[in-house]
Amino acid sequence: MSIQTLKSLADALAQKKTSSRELVTDYLGRIEAQNAAINAFITVDRDGALAAADAADKAIAAGSAGPLTGLPIAHKDIFCTEGVLTTCGSKMLANFVSPYDAHVVSQLKAAGAVSLGKTNCDEFAMGSTNENSAYGAVKNPWNLSRVPGGSSGGSAAAVAAGMIPAATGTDTGGSIRQPAGLCGVTGIKPTYGTVSRYGMVAYASSLDQGGPMAHTAEDCALLLNHMAGFDSRDSTSLERARDDYSAQLNQPLSGLRIGLPKEYFGDGLAADVRAAIENALAELRKLGASTVEVSLPNTHLAIPAYYVIAPAEASSNLSRFDGVRYGHRAAEYRELIDAKTPALDAMYLRSRAEGFGAEVKRRILVGTYVLSHGYYDAYYIKAQQLRRLIAEDFKQALTQCDVIAGPVAPTAAWGIGQMADDPVQMYLADIYTIAVNLAGLPALSTPAGFSGDNMPVGLQLIGNYFGEARLLNVAHQLQQATDWHLRRPDR
Ligand code: GLN
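Conventions adopted
- Residues numbered from 1 in each chain as written.
- Predicted model: local features only at pLDDT ≥ 70, side-chain atom pairs only at ≥ 80, totals over all residues.
- Heavy atoms only, no water.
- Core = buried A, V, L, I, M, F, W, Y, C linked by side-chain atoms within 4.5 Å.
- Buried < 20%, exposed > 50% of the residue type's maximum accessible area, 1.4 Å probe, protein only.
- Helix = DSSP H or I, 4+ residues; strand = E, 2+ residues; numbered from the N terminus.
- Patch = residues over 30% accessible without salt bridge, like charges linked within 9 Å, V, L, I, M, F, W, Y side chains within 5 Å.
- Areas by Shrake-Rupley, 256 points an atom, 1.4 Å probe, with all protein chains shown as cover.
- Salt bridge = Lys/Arg side-chain N within 4 Å of Asp/Glu carboxyl O.
- Expected span 1.5 Å × (residues − 1).
- Polar contact = N/O pair within 3.5 Å; in protein donor to acceptor, adjacent residues only side chain to side chain.
- Contact = heavy atoms within 4.5 Å.
- Axes fitted to C-alpha atoms, helices over the stretch in contact; angles between N-to-C directions.
- Parallel < 35°, antiparallel > 145°, perpendicular 65-115°, else oblique.
- Left-handed = near helix turned anticlockwise from the far one by under 90°.
- Nonpolar A, V, L, I, M, F, W, Y, C, P; charged D, E, K, R; others polar.
- Arc of directions from axis to C-beta.
- pLDDT = per-residue confidence, 0-100.

Chemist: Looking at this structure, how should I read the nonpolar core?
Modeler: Within soluble globular proteins, side chains that are nonpolar tend to cluster in buried spots. Ranked by internal contacts, the top residues of the largest apolar core, which has 151 residues, are Phe124, Phe394, Leu459 and Leu472. Residue contributions to this core peak at 10 residues, all from helix α9 (residues 302-317).

Chemist: So what exactly am I meant to see when it comes to a nonpolar patch on the surface here?
Modeler: Residues Leu238, Tyr465 and Phe466 make up a contiguous nonpolar surface patch of roughly 250 Å² in combined accessible area. Note on placement: Phe466 falls in the loop between β11 (456-462) and α15 (468-481).

Chemist: Before we go on, may I ask you to explain α9 in this structure?
Modeler: Here α9 contains 16 residues, and its C-alpha end-to-end distance of 22 Å stays within 8% of the 22 Å for a straight helix at 1.5 Å per residue. Most of α9 sits inside the fold, with 14 of its 16 residues counted as buried.

Chemist: Where do I start with the side chain of Gln460 in this structure?
Modeler: Inspection of the secondary structure assignment puts Gln460 in strand β11. A relative accessible area of 0% places Gln460 in the buried class. Separated by 2.7 Å, the side chains of Gln460 and Arg177 make a polar contact. In this structure, Gln460 is in contact with Arg177, Tyr264, Ile404, Ala405, Gly406, Pro407, Val408, Tyr432, Thr433, Val436, Ala443 and Leu444, ignoring residues within four places of it in sequence.

Chemist: Explanation requested: the packing of helix α2 (residues 20-38) against helix α3 (residues 46-61) in the structure shown.
Modeler: The angle between the axes and the distance between the axes are what describe a pair of packed helices. Where α2 meets α3, the axes come as close as 8 Å, and the angle between the chain directions of the two elements is 160 degrees. When the interaxial angle is binned, α2 and α3 end up roughly antiparallel. The handedness of the crossing between α2 and α3 comes out as right-handed. Contacts between α2 and α3 involve Ser20, Arg21, Val24, Thr25, Leu28 and Glu32 on the former and, on the latter, Arg46, Ala49, Leu50, Ala53, Asp54, Ala56 and Asp57. When the residues that make up the contact of α2 with α3 are grouped by side-chain class, the tally is 6 nonpolar, 2 polar and 5 charged.

Chemist: Got a minute to help me understand helix α1 (residues 6-14) in this structure?
Modeler: Turn by turn, an α-helix covers 3.6 residues, leaving residues three or four places apart pointing in a common direction. Those residues of α1 that fall on the buried side of the exposure criterion are Leu6, Leu9, Ala12 and Leu13. Down the axis of α1, the smallest arc covering the buried residues is 125 degrees, so these residues share one side. Tucked inside the fold, the buried residues of α1 contact α2, α3, β2 (72-76), β4 (166-170) and α7 (217-227).

Chemist: I keep staring at unusual backbone geometry and nothing clicks. Help me out?
Modeler: Among all residues except glycine, the phi angle is most often negative; among peptide bonds, the trans geometry is most common. At the junction of Gly150 and Ser151, the peptide bond is cis and its omega measures out at 5 degrees in the coordinates. Along the chain, Ser151 turns up in the loop between β3 (114-119) and α5 (153-160).

Chemist: Honestly, the confidence of the model for the protein chain in this entry has me stumped. Any pointers?
Modeler: Low-pLDDT portions of the prediction should not be read for the details of their coordinates. Looking at the protein chain as a whole, its pLDDT mean stands at 96, while 98% of the residues score no less than 70. Averaged pLDDT values over the elements of the protein chain bottom out at 88 in helix α13 (residues 423-428) and peak at 99 in β2.

Chemist: What exactly am I supposed to notice about the pattern of salt bridges here?
Modeler: Any two side chains of opposite charge can pair if their charged atoms end up close together. As enumerated under the stated definition, the model contains 17 salt bridges in all. With a closest N to O distance of 2.6 Å, Lys109 and Asp101 form a salt bridge. Accessibility expressed as a relative area gives 48% for Lys109, which makes it partly exposed. Of the charged contacts, one joins Asp171 and Arg177 as a salt bridge, the two residues approaching to 2.8 Å between their closest N and O atoms. Judged by its relative accessible area of 0%, Asp171 is buried. Under the relative-accessibility criterion, Arg177 is labelled buried at 0%. Three or more residues are tied together by salt bridges with common partners; here these are Glu359, Arg362 and Arg363.

Put into structure tokens, the structure is as follows:
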């Protein structure tokens, strides 16, 4: 089956070849047929989607349709959706129904997109494989025994499997780019502050950023046009003129200077991933780009800095889930909190012990430790200093090139369970994505061929602040010249 892009579906709607109800019904059927095997969706909102599709068809008939009117999408289950369950992949929020929509959700709704439901993710977006979901692991549609990547693995797998043409994701340390790469779809993390975090349940607030995942760069641009923009309800939302992310898609690549960080091509990069990336770079050169070696000398400090800063912020953000303000409350407990009560009998403690999974607890413990009196200077302050050095590396490298290119992950998708008992090994696999979040830069992943065992490989493109349109341009041009993004898993 060939891929269906948002663009092609929008054309079909505009030419009255189909209706939104027909499209939505078709995709609901695809979800129903495949979700038992892939587990990409936590919630399917059949009634809400059909009602929205009918409203879209009315708007189309009345000639008042917008660019996304009637198109099916899905949201990562970390975005609050009014009236529809938002679990964050956690038992803690197993029955949380938000009274309001996240900014991203309301903007896409206002543009006419129809949400079919909520996609599976690692619990509170903590993870690189989607194995940390209380609702079960997501399977990679290219090989059901492999991970889809994480934490936006449900969104990536759903797009790759054709269960939805596009979905939202969030990226704190790679969670849009890495699953996009491992599932063979396109995903972009915008410059920090471009997409409002209002209603996007916080993991690490200084790093979190929402973005689109779809088959093509063109579709990502279309969605990002309706996701980005100033929102006074997010204090880190940037007030600046709107970009048109579709405007530069067709710009030729002649004269483009691509920087290749030598640290991204060293030991630890699997040979088959390297070969795929080099092949994609050769295509970009054919299109008129030149490549130059650059250096990001503090790359090795990104993982230690991130795995101090992200848990520190998480430990603070997740303190609200206490069974009173939000979240699961233990069925049995003795006191609220009482020094004389054995710890695990107190309500807060028991509720949190029951509601959170192992990885979330690990991060809360690490975060609380690095923020504690006596360790704060040694860990947290140090990590913030490293963060500055890492941002300076990019600043320097981007004086020698327009975009930086490299792999998204050191290997193609690995087996489910393979790294589950080794969190540090798992953290190390984030080596190429995490520094970008520490610096606040935009970056995307675009399909770049296949590994030795026929799993997708992602090419990462990193831009300067507000360079999203250029990144999407480069990915679009590559996608015009190659067909990796058009390949489908044999299912
Ligand atoms: N794998 C990283 C982590 O577990 C990144 C996750 C993310 O971007 N949300 O923190």
